[in-house]
Amino acid sequence: MAGPTTYFDPADLPALAERDPRAAALVARRIAALGPAYRLFYRDPVEFVRGDGAHLIDRDGHDWLDAYNNVPSVGHAHPRVAAAIAAQAATLTTHTRYLDEATIRYAEDLLGTLGGALGDDPNAMFTCTGSEANDLALRIAVAATGGRGVIVTEHAYHGVTTEVAAISPSLGGPESIAPWVRMVPPPRAGGDLAADVRAALDSLAAAGYAPAALVVDTIFASDGVLPDAPGLPEAVAVVRAAGGLVVADEVQPGFGRLGGDAAAPGGLWGFTRHGLRPDLVTLGKPMGNGYPVAGVLGRAEHIAAFAARGRYFNTFGGNPVAIAAAQSTLDVVRDEDLPGNARRVGARLVEALLGFDAFVDVRGAGLFIGAELDSEDAALDVVARLRERRILIATAGADNATLKIRPPLCFTDADADRLLDGLAAALPR
Ligand code: PMP
């Protein structure tokens with residue numbers, strides 16, 4: 001069973017029972033209770049009981065290095081975030097239909113990080129997941145443009161709702177996308193993204209669809225980690241000229257992962273790296289360091305067009321505990337200058353990775369690094385061998401041959417050394 005990493009194959013349960021009876025019993029109970037749609041990483045699944053920084057501790061007390069998980073972005077179980085969540089949960093949690101100053105303050109703070117990229121008076125709307133954020137962004141784009149057509153990259157992933165799964169070819173393959181969706185090759189040197197987008201617009205028009213939006217993950221994670229995205233600004237101009245909006249999906253790259261300058265306008269966001277001024281920005285994953293909080297930032301006129309069609313309410317979206325998680329996470333990102341750490345440690349990693357002969361390409365921005373091998377088999381083999389050394393990592397890209405290195409942003413030099421030592425032992429020679 002191939003995939004983003006080596007998944008556990010339920011057919012191997014008897015063999016697992018020989019190696020690890022307790023894990024096998026738990027896997028059997030899990031399959032019985034949760035059903036067959038879920039996947040477990042690894043041929044020998046792992047069970048963690050505690051986390052700290054970029055480390056996870058298993059039930060036998062072993063320390064694992066986490067070079068995979070981007071949600072606990074300021075570090076597993078960060079004490080400031082944990083305390084803020086606990087204090088708010090012990091005080092009050094309601095929803096966005098009552099006045100709550102902390103929610104307003106967080107929205108103001110968050111919008112202030114955009115550096116004017118979404119105009120002078122942007123708005124923030126809160127959801128619980130990145131999927132909901134992209135779903136809402138699509139509804140806003142449809143309301144603002146009157147169009148329906150959506151353009152995404154060939155191996156894009158934007159989430160799991162029916163609407164968003166229909167713009168996520170990496171989930172169900174090219175056949176799974178909706179009739180109003182067109183795919184373009186991801187931006188790479190030698191390509192011409194603007195021409196591809198123009199062709200997609202023509203194809204949509206021929207089918208009777210005006211454009212609503214170009215949706216891009218600004219690090220192109222599922223397309224194989226493409227931090228330079230040549231031609232993206234030109235493609236954005238083409239979509240705009242045709243009347244479509246541009247949605248920057250910052251669920252993976254946002255909140256400083258790409259190593260921008262946290263104090264500079266727009267420094268926390270991937271779109272700034274590409275010199276873009278998007279219309280809508282979608283957020284998720286690291287926003288609450290693991291607490292489910294996500295959202296959409298948008299230009300005032302587009303949010304107004306959406307609001308003219310009806311109200312918006314999301315029961316848990318932006319509740320006071322979610323806001324406490326999000327505010328404390330944003331405070332830690334800035335106070336600990338985690339984007340600066342991502343920039344420094346990420347650059348060190350990229351330089352060291354370039355020294356390994358096995359990689360055909362190494363691409364990175366901050367602590368989002370893609371190191372490409374010559375085949376999926378080679379990449380999955382490295383993932384499995386790193387697991388033996390208690391290092392967590394995964395693969396990405398249409399051909400699944402790229403190692404995806406995406407640790408918590410507090411990754412230290414010692415953590416980087418451990419990863420590099422592990423790779424030196426795990427890589428094919
Ligand atoms: N957009 C991108 C780029 C993502 O990577 C993901 C999640 N992997 C999502 C959206 C969806 O987020 P969620 O799983 O929180 O719904």
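Note: the structure precedes this text.
Rules used throughout
Residues numbered from 1 in each chain as written. Predicted model: local features only at pLDDT ≥ 70, side-chain atom pairs only at ≥ 80, totals over all residues. Heavy atoms only, no water. Helix = DSSP H or I, 4+ residues; strand = E, 2+ residues; numbered from the N terminus. Rg over C-alpha atoms; globule rule 2.2 N^0.38 Å. Buried < 20%, exposed > 50% of the residue type's maximum accessible area, 1.4 Å probe, protein only. Contact = heavy atoms within 4.5 Å. Areas by Shrake-Rupley, 256 points an atom, 1.4 Å probe, with all protein chains shown as cover. Lys, Arg positive; Asp, Glu negative; His and termini not counted. Charge placed at Lys NZ, Arg CZ, Asp CG, Glu CD. Salt bridge = Lys/Arg side-chain N within 4 Å of Asp/Glu carboxyl O. Arc of directions from axis to C-beta. Near = heavy atom within 4 Å. Polar contact = N/O pair within 3.5 Å; in protein donor to acceptor, adjacent residues only side chain to side chain. 1 Å grid on protein atoms, 1.4 Å probe; cavity = no way out; pocket = protein on both sides within 12 Å on 5 of 7 lines; lining within 4 Å. Sits in = over half its atoms within 2 Å of the grid points. Nonpolar A, V, L, I, M, F, W, Y, C, P; charged D, E, K, R; others polar. Points joined across faces, edges and corners; volume = space filled by probe spheres on them. Pairing = 2+ DSSP bridges. Axes fitted to C-alpha atoms, helices over the stretch in contact; angles between N-to-C directions.

Draft legend 1. Seen up close, the overall build of the protein. Scanning the protein for helices and strands turns up 15 helices and 15 strands. Expected size for 429 residues packed as a compact globule is a radius of gyration near 22 Å; at 21 Å, the protein falls within 12% of this value. When the backbone C-alpha atoms are referred to their principal axes, the protein occupies close to 60 × 55 × 45 Å. Burial statistics for the protein: of 429 residues in total, 54% are counted as buried. Looking at the protein alone, contacts between residues at least 24 apart form 73% of all its contacts between residues at least 6 apart. Just so you have it, the protein exposes about 17800 Å², and 53% of that area is on carbon and sulfur atoms. Across the protein, the centroid of the 37 positively charged side chains sits 4 Å from that of the 52 negatively charged ones.

Draft legend 2. Main features of the side chain of Glu 372. Positionally, Glu 372 belongs in strand E12 (residues 368-372). Overall, the relative accessible area of 14% leaves Glu 372 in the buried class. Those residues in contact with Glu 372 that sit more than four places away from it in its chain are Arg 188, Ala 358, Phe 359, Val 360, Asp 361, Arg 363, Asp 399, Ala 401 and Thr 402.

Draft legend 3. Spotlight on the pattern of salt bridges. One pass over the full model with this rule turns up 17 salt bridges. Taking the shortest distance from any N to any O, the salt bridge between Arg 344 and Asp 413 comes out at 3.1 Å. One end of the pair, Arg 344, is in helix H13 (residues 338-354); the other, Asp 413, is in helix H15 (residues 413-426), with 69 residues separating them in the sequence. Overall, the relative accessible area of 28% leaves Asp 413 in the partly exposed class. The salt bridge involving Asp 413 is made with Arg 348; its shortest N-O contact spans 2.7 Å. Of this pair, Asp 413 sits in helix H15 while Arg 348 sits in helix H13, and the two are 65 residues apart along the sequence. Note on Arg 348: relative accessible area 30%, which makes it partly exposed. What emerges from the salt-bridge pattern is a single network uniting Arg 344, Arg 348, Asp 413 and Asp 417.

Draft legend 4. The arrangement of helix H9 (residues 232-241) in detail. Buried residues of H9: Leu 232, Ala 235, Val 236, Val 238 and Val 239, and no others. The arc enclosing the buried residues of H9, seen along the axis, measures out at 160 degrees, which places them on a common side. Buried residues along H9 sit in contact with helix H8 (193-206), strand E7 (211-217) and strand E8 (245-249). Two residues or fewer past H9, Gly 243 is found with a positive phi of approximately 95 degrees.

Draft legend 5. Spotlight on the site of the ligand. Around the ligand sit Thr 129, Gly 130, Ser 131, Asn 134, Tyr 157, His 158, Gly 159, Asp 217, Asp 249, Val 251, Gln 252 and Lys 285, and that is every residue in its neighbourhood. Gly 130 is positioned with one of its backbone polar atoms (N or O) 2.9 Å from an oxygen atom of the ligand. Lys 285 places a polar side-chain atom, nitrogen or oxygen, 3.1 Å from a nitrogen atom of the ligand. Here the ligand loses 82% of its free accessible area of 390 Å² to cover by the protein chains. The site holding the ligand turns out to be the largest pocket. Take the shell around the ligand: its biggest share by element is three residues, from helix H5 (residues 130-145). Taken together, the residues of the shell around the ligand sort by class into two nonpolar, seven polar and three charged.

Draft legend 6. Region of the structure containing the environment of Pro 265. One can find Pro 265 in the loop between E8 and helix H10 (270-273). The spatial distance from the C-alpha of Pro 265 to the C-alpha of Phe 368 is 21 Å, given a sequence separation of 103 residues. Dropping the residues within four chain positions of it, Pro 265 is found in contact with Thr 113, Gly 115 and Thr 272.

Draft legend 7. How the structure looks around the environment of Pro 286. Within the fold, Pro 286 resides in the loop between strand E9 (280-283) and strand E10 (294-298). Sequence separation between Pro 286 and Gly 256 is 30 residues, and the spatial gap between their C-alpha atoms is 9.7 Å. Contact partners of Pro 286, with chain neighbours within four places excluded, come to Asn 70, Val 71, Ser 73, Val 251, Gly 254, Phe 255 and Thr 329.

Draft legend 8. Representation of the layout of surface pockets within the structure. There is about 1100 Å³ of room inside the largest pocket. Lining of the largest pocket is provided by 40 residues; of these, Tyr 157, Ser 170, Gln 252, Lys 285 and Lys 404 occupy positions nearest its centre. No other element matches H5, which puts three residues into the lining of the largest pocket. Taken together, the residues that form the lining of the largest pocket break down as 17 nonpolar, 16 polar and seven charged.

Draft legend 9. Structural context of the sheet that holds strand E3 (residues 63-66). Read from one edge of the open sheet, four strands run E1-E2-E3-E13, paired in mixed fashion. Edge positions in the sheet fall to strand E1 (48-52) and strand E13 (391-392), since each of these pairs with one other strand and no more. Relative to strand E2 (residues 55-58), E1 runs antiparallel, the two sharing four bridges. Paired with Arg 50 across the strands is Ile 57, a residue of E2. In this fold H15 packs onto E2, E3 and E13, with an angle of close to 90 degrees to the strand it touches most, E3.

Spatial relationships are all this shows, so hold off on functional conclusions.
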